[in-house]
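# Structural description and commentary
Each chain is listed here by its residues.
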Amino acid sequence: MKKNTIFIFQIILIMMQGIVYFFSESGPINFYIVNFSAFSVLLAFFLSWQCRQATDIRGYGFSIIVFFTFISWVVSFQVPLEIVYGNFYLLDPSLNLVYDAVIINKMVAFCSLMLNFFLVGVTYSYSDSKFLFPQSSYKIIISYPLLILIFLCFFIFLISFNEDYSHGEVKIDPISVAAYGFLVKFSAIYLAIKIFNITENNKPNFYKYLYILNPYYLVIIVISCLIFFMASNRIYSIMLLLPLIFSYFIYMKKKINVFTVIFFFIALSILGILFKLYGFTDFYKQGLYISEGYVFSKFLFPFTAELATSFYSGNILFSMWENGLSLYGISFLVGFLRVMPGLMGFLNLDPSAYDSAVIATLYSGANYGVGTTAIIDLLVNFGVVLSLMIFLYVGYFFGRSELKVFSGNKSIYSYVIFLTITILILFYPRASINDLISMVLFNLIFCKIYFSVFGTKSK
């Protein structure tokens, strides 16, 4: 199927989904709206992936596009799909899965429209799949000063870490969190430099990849992850590990089937939910059983239920938006301000004025943070039209970034951008995209300064 034909089919799909959204009304959950909306995203992904197969990155299934689309699909559609197929238990208010049932039709149709725009942006990013790069002026970027910074961040993290910290029970020290945040960002840049500096022509393998990385750096990774795993926190460990895993796939140029990736992700989700429920030391003892006392046991497919529970925050915010809520883009202004370390602490702004996750929590009266979603956070900040345009660009940005690093691009900034994206790729669908803005801009600005100070040497 030709690229132009695929693109036209996707545009037609967007028009059809737009009609569904426009005519969706408040009321009982509609079987056809929910199913068509969920199916149109799967079809759009299939069409976009077919277009990808005609580019230089054919077969690279370990993809930020796959993770973002799959997680967003689960967050947006699992709860309403289970309801229309008879799982009415999910409507129980005590489960905190559905806040306002009457607006689900319009919400689901809008989420589908957003993801369709995202995938059109991805498809458009493949329109020029050939890149020409100069081969004579490559430089090796010095990495040791950055490694020293990583050691320093790790040291500050360790000495300020609260030994009593337990996820959801005892808070972590703010200085420790800040140090770890810099550690994660610098780690992504360090990996980008290491991959960029590779000159060998021999067949790559896992042991060569480990050899390229400093052994002390790997020790830091292992210790940091173990600390958080022991505290029953997966998030900080995943943030550190994901760039490492993606850099390995870039180095290996390893091709893997997209269905294998999705199956692998589901398997990790099973381990992840058992880890969340039973902790680091006991999760393996439970087999695949989830006790009846947990909300996840109410789902027909409980092992992606943790992702699906984010539907609740989106439902709250969409209901608030229907009733006039608008943040006028202030969440994203804060995202830009976060580029400058310490500025938000100095300004001491009230999160209830700009953070959609905090707003949703306060409005619902929940005794825990309900979070937000990338799609609805954009909606309450920018409205329908601007949100669609932004998601169109995000799709283009993700697709172009991936195309560059897997097709032999020798721009260090391409590697930095891509590996920075991967830090939170499993969390963006359940968070705000403004986190992406602050991380990418910070790392690019830091790299400009770092490269100008420490420079390069000839290969």
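Summary of the structure given here. (Residues numbered from 1 in each chain as written. Predicted model: local features only at pLDDT ≥ 70, side-chain atom pairs only at ≥ 80, totals over all residues. Heavy atoms only, no water.)

A separate point is a nonpolar patch on the surface. Judged by side-chain polarity, L152, F155, I156, L158, I159, I175, V219 and I223 come together as a nonpolar surface patch covering roughly 700 Å² of accessible area. Those elements that provide at least two residues to the nonpolar patch are α5 (144-160) and α8 (215-230). Top element by residues in the nonpolar patch is α5. It accounts for 5 residues. Within the secondary structure, V219 is located in helix α8. (Patch = residues over 30% accessible without salt bridge, like charges linked within 9 Å, V, L, I, M, F, W, Y side chains within 5 Å. Areas by Shrake-Rupley, 256 points an atom, 1.4 Å probe, with all protein chains shown as cover. Salt bridge = Lys/Arg side-chain N within 4 Å of Asp/Glu carboxyl O. Helix = DSSP H or I, 4+ residues; strand = E, 2+ residues; numbered from the N terminus.)

Further remarks concern the nonpolar core. Membership of the largest hydrophobic core comes to 159 residues, with the highest contact counts inside it found for Y217, F398 and I425. Not counting the four nearest positions on each side in its chain, F398 is found in contact with I64, I65, F68, F118, I421, I425, Y428 and L436. (Core = buried A, V, L, I, M, F, W, Y, C linked by side-chain atoms within 4.5 Å. Buried < 20%, exposed > 50% of the residue type's maximum accessible area, 1.4 Å probe, protein only. Contact = heavy atoms within 4.5 Å.)

Attention shifts here to the environment of K448. Along the polypeptide, K448 turns up in helix α18 (residues 434-454). When its relative accessible area of 55% is taken as the criterion, K448 is described as exposed. Along the sequence, K448 and Y413 sit 35 residues apart, while their C-alpha atoms lie 9.3 Å from each other.

Two elements in contact, helix α4 (residues 104-125) and helix α12 (residues 311-322), have axes separated by 10 Å at closest approach and are oriented at 105°. Taken together, the axis directions place α4 and α12 in an arrangement best described as roughly perpendicular. For the pair α4 and α12, the contacting residues are I104, K106, M107, V108 and F110 in the first and F311, G314, N315, F318 and E322 in the second. Of the residues that constitute the contact of α4 with α12, the class distribution is 6 nonpolar, 2 polar and 2 charged. (Axes fitted to C-alpha atoms, helices over the stretch in contact; angles between N-to-C directions. Parallel < 35°, antiparallel > 145°, perpendicular 65-115°, else oblique. Nonpolar A, V, L, I, M, F, W, Y, C, P; charged D, E, K, R; others polar.)

Summed over all chains, the structure comprises 1 cavity of 30 Å³ or more. One number sums up the size of the largest cavity: a volume of about 80 Å³. In terms of lining residues, the largest cavity is bounded by 13 residues, among which V75, S76, T373, I375 and P429 are the most central. Elements represented by at least two residues in the lining of the largest cavity include exactly α3 (64-84), α4 and α16 (374-406). (1 Å grid on protein atoms, 1.4 Å probe; cavity = no way out; pocket = protein on both sides within 12 Å on 5 of 7 lines; lining within 4 Å. Points joined across faces, edges and corners; volume = space filled by probe spheres on them.)

What follows covers α8. The first and last C-alpha atoms of α8 sit 23 Å apart over 16 residues, in line with the 22 Å expected at 1.5 Å per residue. A side-chain oxygen of the first residue of α8 lies 2.7 Å from the backbone nitrogen of Y216; this N-cap is N214. Just beyond α8, the residue with positive phi is S232, at close to 60°. (Expected span 1.5 Å × (residues − 1). Polar contact = N/O pair within 3.5 Å; in protein donor to acceptor, adjacent residues only side chain to side chain.)

Moving on, we get to unusual backbone geometry. Within the chain, K253 stands out as a residue other than glycine whose phi angle is a positive 50°. Of note, K253 is situated in the loop between α9 (235-252) and α10 (258-278). Of note, Y328 is a non-glycine position whose phi angle comes to about 55°, a positive value. Tracing the sequence through the fold places Y328 in the loop between α12 and α13 (330-337). Since its relative accessible area comes to 72%, Y328 is described here as exposed.

The next thing to look at is the pattern of salt bridges. Under the counting rule described, the total for this entry stands at 3 salt bridges. The salt bridge involving R52 is made with E402; its shortest N-O contact spans 2.9 Å. Taken together, the residues R52 in helix α2 (residues 31-52) and E402 in helix α16 connect sequence positions 350 residues apart. The exposure class of R52 is buried, given its relative accessible area of 0%. A relative accessible area of 0% places E402 in the buried class. Linking R338 and D435 is a salt bridge whose minimum nitrogen-to-oxygen distance equals 3.7 Å. Pair noted here: R338 is in the loop between α13 and α14 (343-347) and D435 is in helix α18, with a separation of 97 residues, a long-range link.

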